[in-house]
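Each chain is listed here by its residues.
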Amino acid sequence: TDDKKGPLDLGAMTDRPPSLGATPPPPDGGTGVSASGERAERSPRSQGGLAGLLDRVEGGGDYNTLFKFSNRDGGAFAGTKLTDMTLGDVYQFTSPSGDYGQWVAANNNGVVATPVGKNQFVGSTLRNVAKGMGLPDDTPFNADTQDAMFNYHARNTIAGASTMAGKRAALRGQWVGLRSIPDSELDNAILQFEQSGNTL
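Quick notes on the rules
Residues numbered from 1 in each chain as written. Predicted model: local features only at pLDDT ≥ 70, side-chain atom pairs only at ≥ 80, totals over all residues. Heavy atoms only, no water. Phe/Tyr/Trp six-rings, centres within 6.5 Å; stacked < 30°, edge-to-face > 60°. Helix = DSSP H or I, 4+ residues; strand = E, 2+ residues; numbered from the N terminus. Buried < 20%, exposed > 50% of the residue type's maximum accessible area, 1.4 Å probe, protein only. Lys NZ or Arg CZ within 6 Å of the ring centre and 35° of its normal. pLDDT = per-residue confidence, 0-100. Contact = heavy atoms within 4.5 Å. Axes fitted to C-alpha atoms, helices over the stretch in contact; angles between N-to-C directions. Parallel < 35°, antiparallel > 145°, perpendicular 65-115°, else oblique. Left-handed = near helix turned anticlockwise from the far one by under 90°. Nonpolar A, V, L, I, M, F, W, Y, C, P; charged D, E, K, R; others polar.

(A) Structural context of the packing of aromatic side chains. Under the criterion given, the structure shown has eight aromatic pairs. Here Phe150 and Trp175 contribute two aromatic rings whose centre-to-centre distance is 5.7 Å and whose plane-to-plane angle is 55°, an arrangement assigned as tilted. Remark: Trp175 occurs in the loop between helix H7 (164-174) and helix H8 (183-195) and Phe150 occurs in helix H6 (residues 143-159); sequence separation between them is 25 residues. On the basis of relative accessible area, Phe150 is assigned to the buried category, the value being 1%. Classification of Trp175 by relative accessible area gives buried; the value is 0%. A network of ring pairs unites the aromatic residues Phe67, Phe77, Phe93, Tyr100 and Trp103 as a single cluster. In this arrangement the basic side chain of Arg72 is found over the ring face of Phe69, its NZ or CZ atom lying 4.4 Å from the centre.

Here is the structure:
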C-alpha cells in the first residue's frame, strides 16, 4: 500500500499503454538466462498458453526460482524466498556485483545475469518493467506482482511487431527458453495471449 495513493491496483497498471516498446532489450538479452535444466514443482497458478510455456522452459512455475534452481534445498541460495521480498529487496539481491550475480557468472561461463522469479526477469529488465508500471520499491514481489509484470512485459514485447514471425522473435529475444519451443506451439500461445486481452 502506498500511503499517499492508497492500495496499488496492479490490474489497472497493466492496462496502461505500452511504453517499453521503444526500449531496446538489455545487453544480457531481456530476461536473460533460463533456469531450465530440471523441472520445478509447478505453482497452483501455472497454466497453459504463453504463461504455461514459460513455466516449462524458464522458472518451472515457481515464483521463487533462481538460476539453476539454486533456491532449492542444497542450492547456493537455498531457502531464498523472493515472494517475501519487496522490489527494492530484489533489486539489491540482483546487483551484478552481489553474491547472486557473481555466483551466476561463475556458473554461466563468466556471463553476469540475475534471473529471478517465475518468469526469470533479470535485474535490468525487472527495473525497466517496474518503472514502466509505476511500481514503487516497497511493492511486494509476490505472485500477483510477478504475474502483472509478465502481462505488461509480454504485451509490450509483441506490441511493435506486425507479423507472427516478428512477435515470436521479439519474445524469444526476451525469454531464452522460448527458443526451444516450436514455432507453431509458440504461435498458438501468442494468439491465446492476445485473445485473452494480453493477460495470463
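Let's pick the thread back up.
(B) A look at unusual backbone geometry. One non-glycine residue, Phe69, adopts positive backbone phi at about 50°. Looking at the secondary structure, you find Phe69 in the loop between helix H2 (49-59) and helix H3 (87-93). Non-glycine residue Gln120 carries a positive phi angle of around 50°. Tracing the chain through its elements places Gln120 in the loop between helix H4 (99-106) and helix H5 (123-133).

(C) Spatial organisation of the confidence of the model for the chain. Mean pLDDT over the chain: 82, with 75% of residues reaching 70 or higher. Looking at the elements of the chain, mean pLDDT is at its lowest for helix H1 (residues 10-13), recorded as 49, and at its highest for H3, recorded as 98. Below pLDDT 50 for its whole length, residues 11-34 participates in 63 contacts with residues either more than four positions away or in separate chains. Contacts of residues 36-46 to residues separated by more than four positions or lying in other chains number 31 contacts, the stretch itself having pLDDT below 50.

(D) Representation of the packing of H6 against H7. Where H6 meets H7, the axes come as close as 8 Å, and the angle between the chain directions of the two elements is 135°. Classified by the angle between their axes, H6 and H7 sit oblique to one another. Seen from above, H6 lies across H7 with right-handed handedness. In contact with His153, Ala154, Thr157 and Ile158 of H6, H7 contributes Lys167, Ala170, Leu171 and Gln174. The class makeup of the residues in the contact of H6 with H7 is four nonpolar, three polar and one charged.

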